[in-house]
Amino acid sequence: FTTEAGLYTASDQIVILTPDNVDSVLVNSTAALVVEFYASWCGHCVAFSPEWKRLARDIKEWKPAVDLAAIDCAYEDNGPICSRFGVKGYPTLKFFHAYSKPDSKGQGFREGPRDVRGLRHKIIEKMETHEEPWPPACPPLETASKAEIDNFFETNSVEHLALIFETSNSYVGREVTLDLLQYENIAVRRVLRTEDALVAKLGVTDFPSCYLYYPSGNFTRLHVQNEARTFYTYALQRLPGVLRAGKPPPVTSDLLKNTTEDQWRPFNRSRVYMADLESTLHYSLRLELAAHPVIKGEALSALQRYISVLAKYFPGRPLVRNLLKSVDTWLKGQNDTELSYSSLRDVLDNTAEVPDAALPDGVRWVGCQGSKPHFRRYPCGMWTLFHVLTVQANEAAGKDPQEVLQAMRSYIHSFFGCQACSTHFENMAKESMSYVGTLSTAVLWLWSRHNHVNNRLAGALSEDPHFPKIQWPSPELCPSCHGVKKSGEHTWNQEELLTFLRSHFSSEHLLSDYLE
Ligand code: FAD
């Protein structure tokens, strides 16, 4: 039995309960938990599982206060646990407050809508009425009064206080409060429209709207494209001095100092650099592949696909494109069932001296520079390379919509040095890559999977504090990509996104600074 056997995997950000961990997860936890008891054979459970996964991604930032879990009651070893909690039908949702006792059966979570928004609101209600002891990581969720705000900075040492003015039936204030709970130097409070004195003092006319309030008594309205949760959250996480808790504060001068090997190269964060793409090719072809002295079987076909899409779509300088084409031609002419890396290396280094063909040696990271040598670089280059290739295939009206994605999938599977990355990527590919039926869907598929990874890695140790993982592109980078539904839920405008991605990763838009 593995934890991957049921409807959820470890990449879903859902705690998978087993006989071994159930007590340590549910009993005396500092966070509340909402548990889904399901049976993997039950059709309703299968239908509900994508919503539960979406919810897990949507409230990922709330984890220290409230987390999601799931248990497959159809797995025999789990049966006694499901009976212990009195579960008779599937799926059953139960709320376990923080510091639950060993004999707790959890509270019912039955009525109400089963979509992300409805479930999220229900969780907020449960958290608001949470009995003592309160989960220590959960910020206050009740409404703030003028008296509290007047004295706020006497008892709180944060730089920013964000006030969300709203009506009593709005959840936005509480959602944003929880979205920011892992961030330091900022507090969020909701203020009701009926709090006349504060509304009058700040001259608030729109509900919801967000104001930043400072110790001096000054205040300014937070300007956002839409008065909705996601837009407030994006903007507040990016305020100066606001940083994810537990991360060392980024020191700007760090970036300007010489790192161990390289001079910092100033660059425009909203652009893509050819130097990163060439550095990625160098690293992948000359270092990563070199770890495979003999390439055969699945790995050999992975290499062929990879080189083939590079030769077709890499929008490089003529010199580099010629080289990639010569490698592709050479590879296609190899009839042996295996290949030695050294023979490939000779072609890469153009020892036969094909005119005007070369792949520059060495790396010069620019848009993929990290504030420390262990941040960003090659994996950043790899994502960027494949975004560029999906866009190029779309522009070139390639025949096979999955050609680039399958090349990426097999390269990552056979060669990408980060094994956990490759397992996660393969899981995502298995789940949905086969549904990609057009070249433009391929562009969007890669964008959305990359955002899945960003969601999972936000706050991880590998995140460069200077380059926080966000759901990309931000509203500043592409305002028209973002929208809100009538319900206030954030939505991506797929058409605008596609236009944006096609331009952002287009060959005309690539910058050639720092090329040798
Ligand atoms: P990256 O995520 O590398 O992104 C590079 C640049 O692409 C960003 O700066 C931004 O300009 C742009 N971008 C960001 N999001 C998107 C998007 N959705 N669509 C288009 N462009 C975007 N690390 C792990 O720790 N665990 C893993 O499981 C893992 N899996 C990976 C799987 C693959 C296939 C790859 C290539 C990398 C994986 N990594 C994983 C590495 C991780 O995703 C990052 O690449 C790495 O942490 C460097 O992050 P970064 O800040 O440079 O941004």
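A few points on the structure. Numbering of residues starts from 1 in each chain and follows the order in which that chain's sequence is written. Since the coordinates come from a predicted model, pLDDT governs what is reported: local features require at least 70, and pairs of side-chain atoms require 80 or more to be given and counted, while whole-chain, interface and lining totals use all residues. With hydrogens and water stripped out, all remaining heavy atoms of the structure feed into the side-chain values.

**Digging into unusual backbone geometry**
Residue Pro91 is reached from Tyr90 by a cis peptide bond, and omega for that bond is -10°. Secondary structure follows DSSP: runs of H or I at least 4 residues long count as helices, runs of E at least 2 residues long count as strands, and numbering of each begins at the N terminus. Here Pro91 is to be found in the loop between helix 3 (79-84) and strand 4 (92-96). Of note, the amide linkage connecting Trp472 to Pro473 takes the cis form, showing an omega dihedral of -5°. Inspection of the secondary structure assignment puts Pro473 in the loop between helix 18 (439-457) and strand 14 (482-484). In this model, Asp356 sits at a positive phi of 50°, which is unusual for a non-glycine residue. Checked against the element boundaries, Asp356 lands in the loop between helix 14 (341-348) and helix 15 (378-395). For every residue, the accessible area (1.4 Å probe, protein chains only) is compared with the maximum for its type, and the residue is labelled buried under 20%, exposed over 50%, or partly exposed between those bounds. Classification of Asp356 as exposed rests on a relative accessible area of 57%.

**Some details on the packing of aromatic side chains**
Classification of ring pairs uses Phe, Tyr and Trp, with its six-membered ring standing for Trp, and accepts pairs whose centres are within 6.5 Å; under 30 degrees between planes counts as stacked, over 60 as edge-to-face, and the remaining range as tilted. All chains considered together, the criterion is met by 21 aromatic pairs. Measuring from ring centre to ring centre gives 4.2 Å for Tyr306 and Tyr411, while their planes differ by 35°; the resulting arrangement is tilted. Taken together, the positions of Tyr306 in helix 12 (residues 297-313) and Tyr411 in helix 16 (residues 403-414) put the pair 105 residues apart, joining distant regions of the chain. Look at Tyr306 and you get buried, because its relative accessible area is 0%. Judged by relative accessible area, Tyr411 falls into the buried class, the value being 0%. One aromatic cluster is present, formed by Trp264, Phe267, Tyr273 and Phe467 through successive ring pairs. Directly above the ring of Phe109 sits Lys122, whose terminal nitrogen or CZ lies 5.0 Å from the centroid. Charge over a ring is defined by NZ of Lys or CZ of Arg lying within 6 Å of the ring centre and within 35 degrees of the ring normal.

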